[in-house]
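Reading the structure
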Amino acid sequence: MRTFINSSISLIALILISACGRGPHNPVDGDFKLDKANRPTAGQTVSAITFADVKPIFQKCTTCHGAGKANATDWLDYSSAASKKVQLMDRVIIKGDMPLGFKLEKEELKTLATWLKTGTLPEPDGSVADTPENPPIEAPVDVPVEAPPVVQPTEPTAPEAPVVDEPVSTPWPANLISIKKIFDESCLMCHTGAMPNAPDWQNYAVVESKKDRIYNRVLVVKDMPMAVTITDEKREIIKNWLDGKPMQITPWPEKYSNARDIVAVNCTACHNADSGLPNWSDYAVVESKFSEIRNRLFVTKDMPYSGPMQPSDLDIIKNWLDDVAPKELE
Ligand code: HEC
Ligand code: HEC
Ligand code: HEC
């Protein structure tokens, strides 16, 4: 368990205290000198913000950042992030134009800002290393003055465990549309929460929390779905998903290959199987989002985030949408 910072400790104090326990070697700045006055007095304990604390924030950037993504910088890579502290300060804290598409929570901004100014090098296990930090960046902003909360260094790759008894229903992820379709057809007549002991499969948090039970009843005991027959092929699709295999994707119809290629060029850097965003390479996913695509490209016009598209390409997309999803049908 980490020691939480007493909220009355100011950031200044945090900066001073975080300079403690440094070893003689500094891979970032060999000339960095420790100021004795900056050492904490005996008995003071503090948890400095480490890279492990900001990693969950950077995890949110992976839709667009990383090798082969819209921007190549992988913020989860310590040396990349550390070498771009100035840019991070500029874009995320000062200008606020990053991340694109969503806003970070106030607490997250505080944590990040504090790391950018005081962050210590992490050990491989994420604990504070016995090495000096980068020299703090002087940012001309009023970043948090009170001590930031220490974010638990959760393992960023593990999806958050869903809260089962959450009152709100969690929608299914867009990319699981083919699984959701099977559940809609073969399970929902009983599994809407109305029947005793038959969990509500409309709520994805419930599905997620009962994956083991689903595996058991659908693939081992095979007494589910009850009273409904289901093809072996569909059971196999459910098995692949429960086994964590990549989703089998539905290819685009050949006659829309023009539109497919334009989408591939303009969208799939962000919208792919790994990003958590709707995967536009999977036509089943595309079909489930026709109106959202029309809306974002032609009404709000805020997609693609990477920049405007060729008008001729937009025309092809518009013709395809008019063909597959005439407006009056949506
Ligand atoms: C929807 C896509 C998207 C998301 C999400 C996103 N970024 Fe970016 N980011 C980009 C693109 C594209 C660029 C390159 C163009 C630019 O600089 O605006 C960029 C550039 C940046 C830069 C400037 C990089 C440099 O080398 O100067 C920083 C810093 C940055 N992003 C930080 C973040 C952080 C931190 C997050 C997550 C909290 C984030 N971004 C989330 C798309 C995104
Ligand atoms: C005709 C109604 C009906 C259909 C269709 C049906 N179920 Fe059920 N299911 C039930 C009932 C009733 C229960 C509670 C009694 C029991 O466990 O047998 C249940 C229980 C379960 C459980 C155990 C839940 C737990 O909390 O342990 C799982 C898992 C399950 N169903 C999966 C499915 C899946 C997946 C489908 C579709 C592929 C499906 N069921 C279709 C009626 C149905
Ligand atoms: C630089 C990254 C990036 C590119 C390129 C991009 N998107 Fe997105 N898109 C996002 C992000 C991030 C979101 C989620 C946040 C939001 O809705 O604004 C999103 C959301 C969407 C949504 C809403 C999804 C939903 O579930 O409602 C649609 C529709 C969409 N994008 C369409 C497109 C299309 C079509 C293209 C290509 C022509 C495209 N995007 C290109 C980053 C991108």
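Here we summarise the structure given alongside this text. Keep in mind that what you see is a predicted model, and the values were worked out from it rather than measured.

**Looking at the overall build of the chain**
In terms of helices and strands, the chain carries 13 helices and zero strands. Seen in sequence order, the chain has helices and strands lined up from the N terminus as α-α-α-α-α-α-α-α-α-α-α-α-α. Burial status across the chain gives 38% buried among its 330 residues. A total of about 18,800 Å² of accessible surface is found on the chain, and carbon and sulfur atoms cover 55% of it.

**A few points about the pattern of salt bridges**
Opposite charge on two side chains permits them to pair, given that their charged atoms come into close proximity. On inspection of all chains with the given rule, the structure shows 12 salt bridges. Linking R91 and D97 is a salt bridge whose minimum nitrogen-to-oxygen distance equals 2.8 Å. Among the salt bridges present, the one from K211 reaches E208, with a minimum N-O distance of 3.6 Å. A single network of salt bridges, built from pairs that share partners, joins E254, R260 and D261.

**Considerations on the site of ligand 3**
Of all residues adjacent to ligand 3, which total 20 residues, the nearest are C267, C270, H271, M303 and Y305. At 2.8 Å from a nitrogen atom of ligand 3 is found a side-chain nitrogen or oxygen belonging to H271. One of the side-chain N or O atoms of K289 is found 2.7 Å from an oxygen atom in ligand 3. When atom positions are compared with the pocket grids, ligand 3 is found to occupy the second largest pocket. Taken together, the elements giving at least two residues each to the shell around ligand 3 come down to helix 10 (257–267) and helix 12 (290–299). Taken together, the residues of the shell around ligand 3 sort by class into 13 nonpolar, four polar and three charged. Per-domain counts for the shell around ligand 3 show at least three residues from each of domain 1 (1–158) and domain 3 (254–329).

**A closer look at the site of ligand 2**
Inspection of the region around ligand 2 gives 21 residues, with C187, C190, H191, K210 and M224 positioned closest. Take R213: an N or O atom from its side chain is 2.8 Å from an oxygen atom of ligand 2. With respect to ligand 2, the side chain of R217 contributes an N or O atom lying 2.6 Å from an oxygen atom. Elements supplying a minimum of two residues to the shell around ligand 2: helix 6 (177–186) and helix 8 (211–220). No other element matches the four residues that helix 8 contributes to the shell around ligand 2.

**What about the coordination of the iron atom of ligand 2?**
Ligation of the iron atom of ligand 2 by protein atoms is provided by H191 (NE2) and M224 (SD), these donors lying 2.0 to 2.2 Å from the ion. Seen from the iron atom of ligand 2, its six donor atoms lie at angles of 84 to 178°, and the figure they make is octahedral. With H191 in the loop between helix 6 and helix 7 (204–209) and M224 in the loop between helix 8 and helix 9 (232–242), this pair connects stretches of sequence that are 33 residues apart.

**Some details on helix 2 (residues 51–58)**
In terms of residue burial, helix 2 counts as a mostly covered element, since seven of its eight residues are buried. Along helix 2, the residues classified as buried are F51, A52, D53, V54, P56, I57 and F58. Those residues of helix 2 that are buried lie in contact with helix 3 (78–83), helix 4 (85–95) and helix 5 (106–118).

**Some thoughts on unusual backbone geometry**
Put simply, M224 and P225 share a cis peptide bond, and its omega is -5°. Assignment of secondary structure puts P225 in the loop between helix 8 and helix 9. Note the cis peptide between M303 and P304, where omega equals -5°. Among the structural elements, P304 can be located in the loop between helix 12 and helix 13 (311–324). With phi around 65°, N197 is a residue other than glycine that occupies positive phi space. Take N197: it is sitting in the loop between helix 6 and helix 7.

The rules behind the values
Residues numbered from 1 in each chain as written. Chains lettered and ligands numbered in written order. Predicted model: local features only at pLDDT ≥ 70, side-chain atom pairs only at ≥ 80, totals over all residues. Heavy atoms only, no water. Helix = DSSP H or I, 4+ residues; strand = E, 2+ residues; numbered from the N terminus. Buried < 20%, exposed > 50% of the residue type's maximum accessible area, 1.4 Å probe, protein only. Areas by Shrake-Rupley, 256 points an atom, 1.4 Å probe, with all protein chains shown as cover. Salt bridge = Lys/Arg side-chain N within 4 Å of Asp/Glu carboxyl O. Near = heavy atom within 4 Å. Polar contact = N/O pair within 3.5 Å; in protein donor to acceptor, adjacent residues only side chain to side chain. 1 Å grid on protein atoms, 1.4 Å probe; cavity = no way out; pocket = protein on both sides within 12 Å on 5 of 7 lines; lining within 4 Å. Sits in = over half its atoms within 2 Å of the grid points. Nonpolar A, V, L, I, M, F, W, Y, C, P; charged D, E, K, R; others polar. Domains from an automatic or database assignment. Donors = N, O, S within 2.8 Å, 3.2 Å for Na, K, Ca; no water. Tetrahedral: all angles 85-135°; square planar, octahedral: opposite > 155°, others 65-115°. Contact = heavy atoms within 4.5 Å.

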